[in-house]
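Single-letter residue listing:
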Amino acid sequence: MEVIVNVAMSADGKLATPEREQIRISGPEDFDRVDAIRAEVDAVAVGVGTVLADDPSLTVDDPDRIDERRACGESAQPTRVVVDSRLRTPTDAQVLDDAADTVVFASAAAPADRIAAFEQRGATVIVRGDSRVDLPAAVDALGDRGVDAMLIEGGGELLASVFATGLADRVSTFVGPLLLGGREAPTLADGPGFDRPFPELALDGIDRLDDGVVLYWSVLKT
Ligand SMILES: NC(=O)C1=CN([C@@H]2O[C@H](COP(=O)(O)OP(=O)(O)OC[C@H]3O[C@@H](n4cnc5c(N)ncnc54)[C@H](O)[C@@H]3O)[C@@H](O)[C@H]2O)C=CC1
Ligand SMILES: Nc1nc(O)c(N)c(N[C@@H]2O[C@H](COP(=O)(O)O)[C@@H](O)[C@H]2O)n1
């Protein structure tokens, strides 16, 4: 399984405000770049914190890219994936609409009535892990469902676990022309901090886009 991470961050490395307010960091060129990555992968994932803060759609927007997926015999949209230990995703969230298939990973701590409510909305709920979602097991479960490549878009707590478990292969970071500030603001890797050795990256390329830059990284496997 290839795991790609993408985020937009301010020049001081923040993904949003300390209050989790979504701020436009990039612009149309970068949104189009991300739409192209979504169109290339089999699944697009976020943590429940991102669903609660942003209510993202996680779909491909460009009709030509959707047609191209269909022409290749793929589903029109990649599968949407939410990592949500206790199933806190609101049942009217966009990720549970009928625009694409959705898989929600929960832990054994998720209430049974929430599982039923999600399944009623058409989502597939898969339990992996005791109190928190076991990410390597979740990625294996996606592989069993035919997912060969996935994009993980955030937020900071989920991505910290993705890096800590060595799941990420490639990272792209758009760095935009503003400062968001705040020690409680989410970053590319929040959580408790990493055990040594720290995850290491190799810089593969740089592009100027909108009013910022995109940095392309590979994650070194030790
Ligand atoms: N600028 C950007 O590109 C993006 C920004 N964001 C921002 O990130 C913020 C949300 O980030 P966070 O609050 O950190 O939430 P998050 O989206 O990282 O979700 C974290 C939650 O996932 C669940 N989870 C279950 N198993 C887990 C595991 N093994 N490891 C980690 N989490 C696990 C937990 O309930 C945890 O609270 C929002 O403000 C959003 O706007 C999110 C995506 C992209
Ligand atoms: N805050 C912010 N600024 C940008 O410039 C971004 N590109 C993002 N990206 C994240 O992508 C999600 C949007 O998803 P949909 O287009 O609704 O599918 C959302 O979670 C943003 O946090 N964010």
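Our structure is the block above this text.
Residues numbered from 1 in each chain as written. Chains lettered and ligands numbered in written order. Predicted model: local features only at pLDDT ≥ 70, side-chain atom pairs only at ≥ 80, totals over all residues. Heavy atoms only, no water.

Asker: Whenever I open this one, the overall build of the protein chain confuses me. Can you help?
Answerer: Per the secondary structure count, the protein chain includes 6 helices and 9 strands. For 222 residues, the compact-globule formula gives about 17 Å, and the C-alpha radius of gyration of the protein chain, at 17 Å, lands near that figure. Out of the 222 residues belonging to the protein chain, those deemed buried represent 46%. Per element, the accessible surface of the protein chain, about 11200 Å² overall, is 47% carbon and sulfur. Mean positive and mean negative side-chain charge positions of the protein chain (21 and 41 charges, respectively) differ by 4 Å. (Helix = DSSP H or I, 4+ residues; strand = E, 2+ residues; numbered from the N terminus. Rg over C-alpha atoms; globule rule 2.2 N^0.38 Å. Buried < 20%, exposed > 50% of the residue type's maximum accessible area, 1.4 Å probe, protein only. Areas by Shrake-Rupley, 256 points an atom, 1.4 Å probe, with all protein chains shown as cover. Lys, Arg positive; Asp, Glu negative; His and termini not counted. Charge placed at Lys NZ, Arg CZ, Asp CG, Glu CD.)

Asker: What should I look at first to understand the site of ligand 1 in this one?
Answerer: Near ligand 1 lie 26 residues; those nearest to it are A8, T50, E153, L158 and S161. For ligand 1, an oxygen atom lies 3.3 Å from a polar atom in the backbone of G47. Taking V133, its main chain carries an N or O atom lying 2.9 Å from a nitrogen atom of ligand 1. In isolation ligand 1 offers 860 Å² of accessible surface; the protein chains occlude 89% of this area. Residue assignment for the shell around ligand 1 shows that the elements contributing at least two residues are strand 1 (2–10), helix 2 (48–54) and helix 6 (156–164). Considering each element in turn, the shell around ligand 1 owes the most residues, 5 residues, to helix 2. (Near = heavy atom within 4 Å. Polar contact = N/O pair within 3.5 Å; in protein donor to acceptor, adjacent residues only side chain to side chain.)

Asker: Can you help me understand empty space enclosed by the protein in this one?
Answerer: Rolling a probe over the atoms, with the probe sized like a water molecule, indicates the empty space that remains. Applying the stated rule across the entire model yields 1 cavity of 30 Å³ or more. If you trace the largest cavity, you find 13 residues lining it, with V83, L135, V139, M150 and I152 closest to the centre. Where the lining of the largest cavity is concerned, the elements lending two or more residues are strand 3 (79–83), helix 5 (135–144), strand 6 (149–152) and helix 6. No other element matches the 4 residues that helix 5 contributes to the lining of the largest cavity. The residue makeup of the lining of the largest cavity, split by class, is 13 nonpolar, no polar and no charged. (1 Å grid on protein atoms, 1.4 Å probe; cavity = no way out; pocket = protein on both sides within 12 Å on 5 of 7 lines; lining within 4 Å. Points joined across faces, edges and corners; volume = space filled by probe spheres on them. Nonpolar A, V, L, I, M, F, W, Y, C, P; charged D, E, K, R; others polar.)

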